[in-house]
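Residues per chain, in single letters:
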Amino acid sequence: MIKLLIADDYVLIREGLKKVLKDEPNITVVAEAQNGAEVLNKLKKSQANFVVLDINMPVKSGLDVLLDMKRLYPNIPVLILSMYPEKTFALRSLKAGASGYLSKESAGEELVVAIQKIWSGSKYISASLAELLAETVVNNGKPEVAHEVLSDREFQILCKIAEGESLKSIAENLSITLSTVNTYRNRIFEKMKFTSNTDLIRYCLENELA
């Protein structure tokens, strides 16, 4: 039996996903979470063996939760559900350990197929994501989007800066020093060829990262 934990901050989305799954004999929803921090707590308390995870979660981002899950619960598969196009987060999610990536637009038609395929031991990759992966291979591994050159931590800090979070707050939330945050910021600027926060914010808006 597939025992799902559904993590999304919108109750209507969670209810919609449950309706899509209600007639599946081998799938049951055993837990729900409305923010990233809740996911790890619910995993401790429930018997969930599969997680459907929104990438854009409050308190703790979906990508952060995914990285924590792969460390704490490496055998529990994760299907990322996102409103963002594949080029924004899909490659990074797969590299971080996700078993699949599905846009919310496609969830009604593809959710059951994606869950069943992942549960069988495969990865779930949509046609558009497969095309993106093929383009990356054709380009000798060079990603279509520039931010793929960033490490997970650099990418995390990029997004937090773009969302308006101060460097001091980022340091406190990530339990690292302010000096370390500044080092990551400098690396981001160097790799992305930014000259100011304005450049960073503009890039993130243009690429739907903020």
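If you check an unreviewed UniProt entry, the chain appears there as Response regulator transcription factor from Pontibacter populi.

S.K.: Is there a simple way to explain the environment of Glu 154 in this structure?
M.R.: Considering the arrangement of structural elements, one finds Glu 154 in helix H7 (residues 152-162). Here Glu 154 falls in the buried class, since its relative accessible area comes to 3%. Between the alpha carbons of Glu 154 and Arg 187 there is a distance of 7.7 Å; along the sequence they are 33 residues apart. The contact partners of Glu 154, leaving out residues within four places of it in the chain, are Tyr 184, Arg 187, Ile 188 and Lys 191. Side chain to side chain, Glu 154 and Lys 191 meet in a polar contact 2.8 Å long.

S.K.: Mind showing me how you'd approach the UniProt feature "modified residue: 4-aspartylphosphate" (unreviewed entry) in the chain here?
M.R.: Mapped onto the present numbering, the UniProt feature "modified residue: 4-aspartylphosphate" (unreviewed entry) falls at Asp 54. Assignment of secondary structure puts Asp 54 in strand E3 (residues 50-54). Of the residues examined, Asp 54 reaches a relative accessible area of 2% and is grouped as buried. Residues in contact with Asp 54, not counting those within four places in the same chain, are Ala 7, Asp 8, Asp 9, Gly 62, Leu 81, Ser 82 and Lys 104.

S.K.: Explanation requested: the side chain of Arg 92 in the structure shown.
M.R.: Considering the arrangement of structural elements, one finds Arg 92 in helix H4 (residues 86-96). Looking at Arg 92, its side chain comes within polar contact range of the side chain of Asp 152, at 3.1 Å.

S.K.: Would you explain the nonpolar core in this entry?
M.R.: Side chains of nonpolar character tend, in soluble globular proteins, to be buried together. Residues Leu 5, Val 39, Leu 43, Leu 53, Met 69, Leu 158 and Leu 200 are the most contacted members of the largest nonpolar core, which totals 49 residues. The element that contributes the greatest number of residues to this core is H7, accounting for six residues. In contact with Met 69, not counting residues within four places along its chain, are Val 39, Leu 40, Leu 43, Val 51, Pro 74, Ile 76 and Val 78. Residues Leu 4, Leu 21, Val 52 and Leu 111 belong to the second largest nonpolar core, which totals 18 residues.

S.K.: I keep staring at helix H9 (residues 178-192) and nothing clicks. Help me out?
M.R.: Along an α-helix, a turn takes 3.6 residues, which lines up residues three or four apart on a common side. Look at H9: 21 Å from first C-alpha to last across 15 residues, which is about the 21 Å you get at 1.5 Å a residue. The set of residues buried in H9 consists of Val 181, Tyr 184, Ile 188, Phe 189 and Met 192. One side of H9 carries all its buried residues, which in axial view fall inside an arc of 140°. Against H7, helix H8 (167-174) and helix H10 (197-206) lie the buried residues of H9. Immediately downstream of H9, the backbone of Lys 193 shows phi near 60°, a positive value.

S.K.: Is there a simple way to explain the environment of Ile 80 in this structure?
M.R.: Positionally, Ile 80 belongs in strand E4 (residues 78-82). By relative accessible area, which is 0% here, Ile 80 ends up buried. For the pair formed by Ile 80 and Ser 103, sequence separation is 23 residues and the distance between their alpha carbons is 8.3 Å. Aside from chain neighbours lying at most four places away, what touches Ile 80 is Leu 53, Ile 55, Leu 66, Ser 93, Ala 98, Gly 100, Tyr 101 and Leu 102.

S.K.: It is not clear to me how the pairing of E3 should be interpreted in this structure. Could you clarify?
M.R.: Put simply, side chains in a regular strand alternate between the two faces of the sheet. Taking burial as the measure, the five residues of E3 include five buried ones, the bulk of the element. Burial along E3 is two-sided: the residues Phe 50, Val 52 and Asp 54 and Val 51 and Leu 53 are all buried. In terms of strand pairing, strand E1 (residues 2-7) meets E3 through four bridges, oriented parallel. When the sheet's bridge partners are listed, Ile 6 is paired in E3 with Val 52. Here four bridges tie E3 to E4, and the two strands are oriented parallel to one another. Note that in E4 the partner of Val 51 across the bridge is Val 78.

Quick notes on the rules
Residues numbered from 1 in each chain as written. Predicted model: local features only at pLDDT ≥ 70, side-chain atom pairs only at ≥ 80, totals over all residues. Heavy atoms only, no water. Helix = DSSP H or I, 4+ residues; strand = E, 2+ residues; numbered from the N terminus. Buried < 20%, exposed > 50% of the residue type's maximum accessible area, 1.4 Å probe, protein only. Contact = heavy atoms within 4.5 Å. Polar contact = N/O pair within 3.5 Å; in protein donor to acceptor, adjacent residues only side chain to side chain. UniProt positions renumbered as here; feature names shortened; annotations may be inferred. Core = buried A, V, L, I, M, F, W, Y, C linked by side-chain atoms within 4.5 Å. Expected span 1.5 Å × (residues − 1). Arc of directions from axis to C-beta. Pairing = 2+ DSSP bridges.

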